[in-house]
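# Coordinates in review
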Amino acid sequence: MRLIVNQPKETIAEFVRERTRGVYPFANFSALGLLEDGKLLAGVVYDHYTPPCIMMHIAAVPTKTWATRDFAFACFDFPFNQLGCRVVIGLVAKRNKGARRFDEHLGFVLRGTIPEGFADDDMLIYAMRKSECKWLELKKGA
């Protein structure tokens, strides 16, 4: 059985941190996780909330089965509908082609580059406006 949870947020953040090579020191954050049989399949951490935007960090186990419509809806419902954000931001290493494809599939748009923004790579800045978010049109369970 799968459940979308928001606690314990520290466990979800550690899951995301481990899978993103620990590049993000999360502080004052919120989190969502996708559990299956008590194990985390995916986690999302939200931080740097500066209305009207927030940063989103996503990580998952290496399987395609975690990316459900319900989870995608929940991931974007929280910042856009519950917090009232107008923009969600994601940071991706330039060489991380898998993460770039994933973000673009979700609907994020590349907005900028910071040369040497990560210790070993350029930082790409992706963003999605609420008006660009196709996931909010989904109804839970649909």
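Structure: above.
All of these numbers come straight from a predicted model, not from anything done at the bench.

Right, let's talk about the sheet that holds strand 6 (residues 109–118) for a bit. Strands sit in the order 1-2-3-4-5-7-6 across an open sheet of seven strands; the sheet is mixed. Each of the sheet's edge strands pairs with one partner strand only, and the pair in question is strand 1 (2–5) and strand 6. Within this sheet the neighbouring strands show an average axis-to-axis angle of 20°, counted without direction. Helix 1 (residues 9–19) contacts strand 1, strand 2 (30–36), strand 3 (39–50) and strand 4 (53–60) of the sheet and is inclined by roughly 95° relative to strand 3. On the sheet, helix 3 (residues 97–106) packs against strand 4, strand 5 (87–93) and strand 7 (121–129) and is oriented at approximately 10° with respect to strand 7.

By the definition in use, this model includes four aromatic pairs. Both rings, one in Tyr46 and one in Phe78, keep their centres 4.9 Å apart while their planes meet at 50°; by these two values the pair is tilted. Here Phe78 lies in helix 2 (residues 69–82) and Tyr46 lies in strand 3, a separation of 32 residues in the sequence. Residue class for Tyr46 comes out buried when judged on its relative accessible area of 1%. Plain terms: the ring middles of Phe76 and Phe108 are 6.0 Å apart, the flat faces sit at 50° to each other, and that makes the pair tilted. Separated by 32 residues along the polypeptide, Phe76 in helix 2 and Phe108 in the loop between helix 3 and strand 6 bring together distant segments of the chain.

Before going further, it helps to spend a moment on the state of the cysteines. Two cysteines joined by a covalent bond between their sulfur atoms form a disulfide. In this structure the tally under the stated criterion is zero disulfides. Here Cys75 stays unpaired: no disulfide links it, and the sulfur of Cys133, its closest cysteine neighbor, is 9.9 Å away. By relative accessible area, Cys133 is classed as buried at 5%.

Here we take up the nonpolar core. Inside soluble globular proteins, nonpolar side chains tend to come together where they are buried. Tyr46, Met56, Phe76, Phe80 and Phe108 are the most contacted members of the largest nonpolar core, which has 28 residues in total. Elements with a minimum of two residues in this core: strand 2, strand 3, strand 4, helix 2, strand 5 and strand 7. The greatest single-element share of this core, amounting to seven residues, is contributed by helix 2. If you look at the next biggest cluster of nonpolar residues, it comprises twelve residues, including Val5, Phe29, Val45 and Ala59.

Cut-offs applied
Residues numbered from 1 in each chain as written. Predicted model: local features only at pLDDT ≥ 70, side-chain atom pairs only at ≥ 80, totals over all residues. Heavy atoms only, no water. Pairing = 2+ DSSP bridges. Helix = DSSP H or I, 4+ residues; strand = E, 2+ residues; numbered from the N terminus. Axes fitted to C-alpha atoms, helices over the stretch in contact; angles between N-to-C directions. Contact = heavy atoms within 4.5 Å. Phe/Tyr/Trp six-rings, centres within 6.5 Å; stacked < 30°, edge-to-face > 60°. Buried < 20%, exposed > 50% of the residue type's maximum accessible area, 1.4 Å probe, protein only. Disulfide = S-S within 2.5 Å. Core = buried A, V, L, I, M, F, W, Y, C linked by side-chain atoms within 4.5 Å.

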